[in-house]
Amino acid sequence: MRKRGLIAVLALSLFLGGCMQSDQVENQAYVLTIGVDAVPEGIEVTTQVLKGTSSSDSENSYMVANATGPSYGDAIHALENVLRCKTNLNQTIMIVISEELARSDAFKDVMNSMFYSYLLDTSAWFVVCQQSAKEFISVQKPVIGTRLSIAITSALQNHVDLGFVPDASFSDAFYSTASSFADPLAIYGSTKERYAKPEDQQTSLQIGGADTPSALTASSDAENIFLGAVLFRDGRMIDTLTGDEVLCLNLIQGGVTNFSIVVDGHTAYLSASGMPILSVDTSTDQPLIKVRIALNMENNTTFPEPERVKEALLEQMHALTRHCQELQVDPFGYAIRASLGFPTLDAWNDYHWREHFAEAKCEYDLSIRLIDA
């Protein structure tokens, strides 16, 4: 009886003793941002790691560490040897993939490895950058007076609220990749110094008075800029969307509440009047997609004509739709609505939505009502 009591006391002491030494805060490397590149040796992982346990979250509170391995898992193991402690990825707020890797056949396997291993926080923002992820992360710094973690979150959320980057998480992209109802999106980023604007990038709109979203941040101290969205199909990157195109995408999806555009040199301040009304008819060989969008526009002394604003927005919406149809990519979510007309998943998959979407007729009904500022 006494032996049983002693065993019980010893067992209880294991629970009262607290965490094991390896799980102590001081023995873990907390990763704020993780980046992945394809290199000749395999995969290179770059991380921005919190130094020590200080509550100070300034520029000097972080270090950049990187390691290379034949696979993502091997690179993470090598990184732990570099940091000399356990790598903690469950506080990660941004995941960065280089465009080179995102466009390669290897990306889908890397995405699977990242999602299923090492307790990575997959709700983190998902960014694809023009340059290497290592370069993108290495120049990342907080703005004056803010912590780096808050600076990253605030910058991305501000771009999302303005409407010209998608609200894209790594987990959303992962599940969309495996789905027959959606094509994934990522945020498109670049270092300010090496941003390369596509030569054929044209737009009939000016968001916030700037030709491109990058112009909004180009004069700030921020070294990284966010440019629009990345389109994926079959597990790899195939193209990008400008900030203007993402704004129109958000309008169609109901993902933006307030925004401004410049038309004919005048700024229009608009807001959504309820959610868009969407229907998809697949009863004929050519699907018919109808979207009804209602907007309010502030009535001020210098506003452009509502009909001219409507014309510019509709032009951009149709151009965006044609762009996606040519790529056979549906970032709008039309597939979800279209699938409701099919009795089973097999029937839906046999329909081959992408091919039908490429030939679909899209009708956008946009109304703009003037309201007092």
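Provided above is the structure to which this section pertains.
The following paragraphs examine the structure supplied in this document.

Conventions used here
- Residues numbered from 1 in each chain as written.
- Predicted model: local features only at pLDDT ≥ 70, side-chain atom pairs only at ≥ 80, totals over all residues.
- Heavy atoms only, no water.
- Phe/Tyr/Trp six-rings, centres within 6.5 Å; stacked < 30°, edge-to-face > 60°.
- Helix = DSSP H or I, 4+ residues; strand = E, 2+ residues; numbered from the N terminus.
- Buried < 20%, exposed > 50% of the residue type's maximum accessible area, 1.4 Å probe, protein only.
- Core = buried A, V, L, I, M, F, W, Y, C linked by side-chain atoms within 4.5 Å.
- Contact = heavy atoms within 4.5 Å.
- Pairing = 2+ DSSP bridges.
- Arc of directions from axis to C-beta.
- Axes fitted to C-alpha atoms, helices over the stretch in contact; angles between N-to-C directions.
- Parallel < 35°, antiparallel > 145°, perpendicular 65-115°, else oblique.
- Left-handed = near helix turned anticlockwise from the far one by under 90°.
- Salt bridge = Lys/Arg side-chain N within 4 Å of Asp/Glu carboxyl O.
- Expected span 1.5 Å × (residues − 1).

1. Notes on the packing of aromatic side chains
Line of reasoning, step 1. With the rule as written, the count across this model stands at 20 aromatic pairs.
Line of reasoning, step 2. Residues Tyr116 and Phe174 carry aromatic rings whose centres are separated by 5.5 Å and whose planes lie at 85° to one another, so their mutual orientation is edge-to-face. Here Phe174 lies in helix H7 (residues 170-177) and Tyr116 lies in helix H4 (residues 107-116), a separation of 58 residues in the sequence.
Line of reasoning, step 3. Judged by its relative accessible area of 62%, Tyr116 is exposed.
Line of reasoning, step 4. Overall, Phe174 belongs to the buried group, its relative accessible area being 7%.
Line of reasoning, step 5. Plain terms: the ring middles of Phe126 and Phe170 are 5.3 Å apart, the flat faces sit at 90° to each other, and that makes the pair edge-to-face. With Phe126 in strand S6 (residues 125-129) and Phe170 in helix H7, the pair connects residues that are 44 residues apart, well separated along the chain. In this structure, Phe126 and Phe170 share a single accessibility class: buried.
Line of reasoning, step 6. An aromatic cluster of three or more residues is present, and its members are Phe181, Phe332, Tyr334, Phe342, Trp348, Tyr351, Trp353 and Phe357.

2. Examining the nonpolar core
Line of reasoning, step 1. With 45 residues, the main nonpolar core has Tyr334 and Trp353 as its most contacted residues.
Line of reasoning, step 2. Considering every element that reaches this core, the biggest residue donor is helix H10 (residues 306-327), with eight residues.
Line of reasoning, step 3. Those residues in contact with Trp353, other than ones at most four positions away along the chain, are Val280, Thr282, Pro287, Ile289, Asp330, Tyr334, Ala335, Ala338 and Trp348.

3. A word on the environment of Ile93
Line of reasoning, step 1. Structurally, the position occupied by Ile93 is in the loop between strand S4 (86-88) and strand S5 (94-98).
Line of reasoning, step 2. Measuring from C-alpha to C-alpha, the distance between Ile93 and Leu32 comes to 5.8 Å, with 61 residues separating the pair along the chain.

4. Side note on the pairing of strand S10 (residues 236-242)
Line of reasoning, step 1. Looking at chain direction, strand S9 (residues 224-233) and S10 are connected through six bridges and run antiparallel. For Leu231, the partnering residue across the bridge sits in S10 and is Asp239.
Line of reasoning, step 2. Counted along the chain from S9 to the antiparallel partner S10, the turn is two residues long, and its residue Asp234 has a positive phi close to 55°.

5. Some remarks on H4
Line of reasoning, step 1. By the burial criterion, the buried members of H4 are Phe107, Val110, Met111, Met114 and Phe115. Looking straight down H4, one finds that the buried residues subtend no more than 130° of arc, so they occupy a single side. Exposed side of H4, more than 90 degrees from the buried face: Asp109 and Tyr116 are the residues found there.

6. Side note on the packing of H4 against H7
Line of reasoning, step 1. For the pair H4 and H7, interaxial distance at closest approach is 11 Å and the crossing angle is 125°. What the angle tells us is that H4 and H7 run oblique. Like other packed secondary-structure pairs, H4 and H7 cross with a definite hand, here left-handed. Mapping the contact onto sequence places Lys108, Met111, Asn112, Met114, Phe115 and Tyr116 in H4 and Phe170, Ser171, Ala173, Phe174, Tyr175 and Thr177 in H7.

7. Things to note about the pattern of salt bridges
Line of reasoning, step 1. By the definition in use, this model includes ten salt bridges.
Line of reasoning, step 2. Where Lys134 meets Glu44, a salt bridge forms, and the shortest distance between an N and an O atom there is 3.6 Å. With Lys134 in helix H5 (residues 133-138) and Glu44 in strand S2 (residues 42-50), the pair connects residues that are 90 residues apart, well separated along the chain.
Line of reasoning, step 3. Residue class for Glu44 comes out buried when judged on its relative accessible area of 11%.

8. Topic: helix H2 (residues 72-83)
The α-helix winds at 3.6 residues per turn, so residues separated by three or four positions along the chain end up facing the same way.
Line of reasoning, step 1. Taking 1.5 Å as the rise per residue, H2 with twelve residues should run 16 Å; its terminal C-alpha atoms sit 16 Å apart, in good agreement.
Line of reasoning, step 2. The secondary structure elements touched by the buried residues of H2 are strand S1 (28-39), S2, strand S3 (62-69), S4 and H4.
Line of reasoning, step 3. The first or second residue beyond H2 is Arg84, which carries a positive phi of 65°.

9. Topic: the pairing of strand S13 (residues 277-281)
Line of reasoning, step 1. Here S13 pairs with strand S14 (residues 288-299) via five bridges, running antiparallel. Bridge pairing links Asp281 to Leu288 in S14.
Line of reasoning, step 2. The hairpin turn running from S13 into S14, its antiparallel successor, is six residues long.

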